[in-house]
Amino acid sequence: MTPGGRTAVEESAVVLVGAVDDHPVVLAGLKAVIEEAAPEVRLVAHAPTVEELLAERDDLDVVLLDLRLGDASTPGTNTGRLLAAGAQVVVYTDGAKPAQVYSAVARGALGVVLKDEPLPVLVEAVRAAHRGEAVVSVRMARALETAPHLDDLLSPQERQVLRLYAADLPAKSVARRLGIGEGTVKEYLKRIRSKLAAVDVRASSKLELRNVAETMGLLDDDETSGAAPSR
C-alpha cells in the first residue's frame, strides 16, 4: 500500500492533469466535474499561462490548453513548451480559430475537444492522450480538413517576407535583409493579407500574421518564444 491507503496499481493509474486557461471560474468548474466523473483524473494545477503552470508543477501527464489566452503566446509555442516539459497536450477550445488549432496539432497536441461537447468526450481525450493516442473532436476534424493549405497559397518570396516580418522585424529591416525596397516589402505584405483574407484567414494585425507564420512552420522556436510583436 502507498501512503494514504492506495495500492500501487491505483496510484499508477492516476492521471495528473493541468489546465491553462485565463478564466478562473471555468477552471474551478472544470476541476469539480472532471474529478466527479473520473476519479483517476486529477486536475492538480491550473494557471492563466503556460509559464506559470510549469513553474507550479513539472510532473503533469496531460495539460488542457485553451488557445485564447490573454498573454502574447501562440498555440504552437505553448504546445511545444508543454511537450518539452513531458506533458501531453489536449486543446480545449471553442473552435473559433481552426488555424490556431492546426498550429497546436502540427506541433504535437494529441487531443482537440470543443468546450461545448459533453464531459465524457473531454475525459476520454485526456485518457487517450495519457496513453499516447490522438483524439480529435469530429466537428473540429472537419474544420481542420477544410483549412486552407497555406504553404501552397503564398509564393517563396512572400513566405520569406512573412517569416521576417512576423519575427518582429520592421518593414525597413525586412527590406534590408532581402535586398529589396521597403515599398516592395509593404506591397508583399498587402498581397499576403489579401490572399489570406480570400481564404478567410485573419491577418489584419501583426500578431495575426505571426500566428499564420507559426502555423506554416516559418518561425524557429527562439522566434516564437519572445514578446508580442509590435503592432
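Scroll up to find the structure.
Since the structure is predicted, the reported quantities are computational estimates derived from the model, not experimental observations.

Trainee: Before we go on, may I ask you to explain the overall build of the chain in this structure?
Mentor: Looking only at helices and strands, the chain features 13 helices and six strands. Going through the 231 residues of the chain one by one, you find that 42% of them count as buried. A fraction of 64% describes how many contacts in the chain between residues 6 or more apart in sequence connect residues 24 or more apart. When the accessible area of the chain is evaluated, it comes to approximately 11500 Å², of which 52% is carbon and sulfur surface.

Trainee: What exactly am I supposed to notice about the sheet that holds strand S3 (residues 62–65) here?
Mentor: Strand pairs in the sheet, formed through backbone hydrogen bonds, run parallel or antiparallel to each other. Read from one edge of the open sheet, six strands run S2-S1-S3-S4-S5-S6, paired in parallel fashion. Whereas interior strands pair on both sides, the edge strands pair on one side only; in this sheet they are strand S2 (41–47) and strand S6 (135–136). Here S3 runs beside strand S4 (residues 88–93); their pairing, made up of four bridges, is parallel. Along S4, the bridge assignment pairs Leu65 with Val91.

Trainee: Any chance you could explain the packing of aromatic side chains here in plain terms?
Mentor: By convention here, two paired aromatic rings are described through the distance between centres and the angle between planes. Tallied over the entire structure, the rule returns zero aromatic pairs. For the cation-ring pair, Lys206 lies above Tyr165, with the distance from its terminal atom to the ring centre recorded as 4.1 Å.

Trainee: Which parts of the structure should I look at to understand the nonpolar core?
Mentor: Generally speaking, a soluble globular protein has its nonpolar side chains buried in company with each other. Within the largest apolar cluster, 24 residues are counted, with the highest numbers of intra-cluster contacts made by Leu162, Ile192, Leu196 and Leu209. At the level of elements, helix H9 (156–166), helix H10 (171–178), helix H11 (182–198) and helix H12 (206–215) are the ones that each hand at least two residues to this core. In this view, Leu209 contacts Leu162, Tyr165, Ala166, Leu189, Ile192, Arg193, Leu196 and Ala203; residues no more than four positions away in its chain are not counted.

Trainee: Whenever I open this one, empty space enclosed by the protein confuses me. Can you help?
Mentor: If a probe as big as a water molecule is rolled over the atoms, it shows which places are left empty. In total, this model carries two cavities of 30 Å³ or more according to the counting rule given. Approximately 40 Å³ is the volume attributed to the largest cavity. As for the largest cavity, its lining consists of Ala19, Val20, Asp21, Val26, Leu27, Leu30, Leu64, Leu65, Asp66 and Tyr92. Contributions of two or more residues to the lining of the largest cavity are made by strand S1 (15–20), helix H2 (24–37) and S3. Counting residues per element, the lining of the largest cavity draws most heavily on H2, which supplies three residues. In this structure, the second largest cavity spans a volume of roughly 30 Å³. Each residue belonging to the lining of the second largest cavity can be placed in one class, and the counts come to four nonpolar, no polar and three charged.

About the criteria used
- Residues numbered from 1 in each chain as written.
- Predicted model: local features only at pLDDT ≥ 70, side-chain atom pairs only at ≥ 80, totals over all residues.
- Heavy atoms only, no water.
- Helix = DSSP H or I, 4+ residues; strand = E, 2+ residues; numbered from the N terminus.
- Buried < 20%, exposed > 50% of the residue type's maximum accessible area, 1.4 Å probe, protein only.
- Contact = heavy atoms within 4.5 Å.
- Areas by Shrake-Rupley, 256 points an atom, 1.4 Å probe, with all protein chains shown as cover.
- Pairing = 2+ DSSP bridges.
- Phe/Tyr/Trp six-rings, centres within 6.5 Å; stacked < 30°, edge-to-face > 60°.
- Lys NZ or Arg CZ within 6 Å of the ring centre and 35° of its normal.
- Core = buried A, V, L, I, M, F, W, Y, C linked by side-chain atoms within 4.5 Å.
- 1 Å grid on protein atoms, 1.4 Å probe; cavity = no way out; pocket = protein on both sides within 12 Å on 5 of 7 lines; lining within 4 Å.
- Points joined across faces, edges and corners; volume = space filled by probe spheres on them.
- Nonpolar A, V, L, I, M, F, W, Y, C, P; charged D, E, K, R; others polar.

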